[in-house]
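Here is what each chain is made of, one letter per residue.
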Amino acid sequence: MDWHAWHNAYDIPDSYFGQRLALVQHRIRLALDTAPPGPLTAVSLCAGQGRDLIGALADHPRRSDVRARLVELDERNVTAARGAAAAAGLSGVEVVAGDASLTDHYAGLVPADLVLVCGTLGNIADADVERTLDHCTQLCRRGGTVVWTRNRKAPDLVPQVCAWLEERGFERLWVSDPRLMPGVGAHRFTGEPRPLARGERMFTFVGYDTLRRGTAGGSRQTTST
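Residues numbered from 1 in each chain as written. Predicted model: local features only at pLDDT ≥ 70, side-chain atom pairs only at ≥ 80, totals over all residues. Heavy atoms only, no water.

## Thoughts on the overall build of the protein
Cut-off, in case you're wondering: Working definition: helices are DSSP H or I runs of at least four residues, strands are E runs of at least two. Numbering for both runs from the N terminus. To get the radius of gyration, use the C-alpha atoms; to get the globule rule, take the number of residues to the power 0.38 and multiply by 2.2 Å. Relative accessibility thresholds used throughout: buried, under 20% of the residue-type maximum; exposed, over 50%; partly exposed, between the two (1.4 Å probe, protein chains only). Only heavy atoms matter for contacts: two residues are in contact if any of them lie within 4.5 Å across the pair. Asp and Glu count as negative and Lys and Arg as positive, but His and the ends of the chain are not part of the count. To locate a charge, take atom NZ for lysine, CZ for arginine, CG for aspartate or CD for glutamate.
Helix and strand content of the protein: 6 helices and 7 strands. Each helix and strand of the protein, placed in order from N terminus to C terminus, yields the pattern α-β-α-β-α-β-β-α-β-α-β-β-α. In summary, the protein has a C-alpha radius of gyration of 16 Å against a globular reference of 17 Å for 225 residues, a match within 12%. The principal-axis extent of the C-alpha atoms belonging to the protein is close to 45 × 40 × 35 Å. A burial count over the protein gives 52% of its 225 residues as buried. When contacts within the protein are restricted to residue pairs at least 6 apart in sequence, those whose partners lie at least 24 apart make up 78%. Charged side chains in the protein number 26 positive and 26 negative. The centres of these two groups are separated by 1 Å.

Given below as structure tokens:
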């Protein structure tokens, strides 16, 4: 899978990815609108080219309040994200080239006010979905928001994603209409964040194409927003 060329679909507004991007950006803006005054932090797992967060921040009134870290493995996407952040004048956005599944990449910036898990949950095994959501209790600040995505192809895991989050103290703010194939959700953390467990791997990136074939091959840890 060419994860750089894969981003071209975002340029088609009516495409699956164009629709998903619009929904995610809207939820990011709402999270920023309702966040308390003062400095804010954000982290993005498997950030791709950062189109969701960078696009939402570019014209948002609170853009200068946000310090963000985007973690992405594909060097071409890292270059694109850094260029987009610079073009938008977002000096507080840092793009890290690395394996987004490793907890060490988020040290010093979590628990964060905004956690993006977009383009990840559909590319990993169900057990790793739950494991990643469990780690969100380390990544997200009390009162912070997790914005996540998961496709609704059968079997639809979106209800289970909601259940796993809510079992861990996340309050459902919004989930996209089940009739839409892109599943997008936003949950607010009502619990107390756990300390970040350094040196852990939250998931193994398999890829939706491999998952569809029912195989366990591949260990690539990058995807797109």
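## A look at the environment of Leu 139
Of note, Leu 139 is situated in helix H4 (residues 126-139). As a C-alpha pair, Leu 139 and Phe 17 span 122 residues in sequence and 25 Å in three-dimensional space.

## What about helix H5 (residues 158-167)?
Note the threshold: To be clear, the arc concerns the directions from the helix axis to the C-beta atoms.
Buried within H5 are the following residues: Val 158, Val 161, Cys 162, Trp 164 and Leu 165. Seen from one end, H5 has its buried residues packed into an arc of 165 degrees, which puts them on one side. Looking at the buried side of H5, the elements it contacts are H4, strand E5 (140-151), strand E6 (170-175) and strand E7 (182-189). Directly after H5, the chain includes Gly 169, whose backbone phi takes a positive value near 95 degrees.

## Quick word on the packing of aromatic side chains
What describes a pair of aromatic rings is the distance from one ring centre to the other and the angle between the planes of the rings. Definition in use: Aromatic pairing here means that ring centres of Phe, Tyr or Trp (its six-membered ring) are within 6.5 Å. Orientation follows from the plane angle: under 30 degrees is stacked, over 60 is edge-to-face, and everything else is tilted.
For the structure shown, the criterion picks out 2 aromatic pairs. Between Tyr 16 and Phe 17 the ring centres are 4.9 Å apart and the planes differ by 85 degrees, which places this aromatic pair in the edge-to-face class. Residue classification places Tyr 16 among the partly exposed residues on the basis of a relative accessible area of 24%.

## Details of the packing of H4 against H5
Quick note on the threshold: To obtain an axis, a line is fitted to C-alpha atoms, over the contacting stretch when the element is a helix, and the angle between two such axes runs from 0 to 180 degrees between their N-to-C directions. A clockwise turn of the near helix away from the far one marks a right-handed crossing, whereas an anticlockwise turn of less than a right angle marks a left-handed crossing. Classes in brief: Ala, Val, Leu, Ile, Met, Phe, Trp, Tyr, Cys and Pro nonpolar; Asp, Glu, Lys and Arg charged; the others, Gly included, polar.
At their nearest, the axes of H4 and H5 sit 9 Å apart, and the two run at 35 degrees to each other. Helix-helix and strand crossings are classified by hand; for H4 and H5 the assignment is right-handed. When H4 is examined against H5, the residues Asp 126, Val 129, Glu 130 and Leu 133 are found in contact with a partner set consisting of Val 161, Trp 164 and Leu 165. Its residues placed into classes, the contact of H4 with H5 shows 5 nonpolar, no polar and 2 charged.

These figures capture arrangement, not role.
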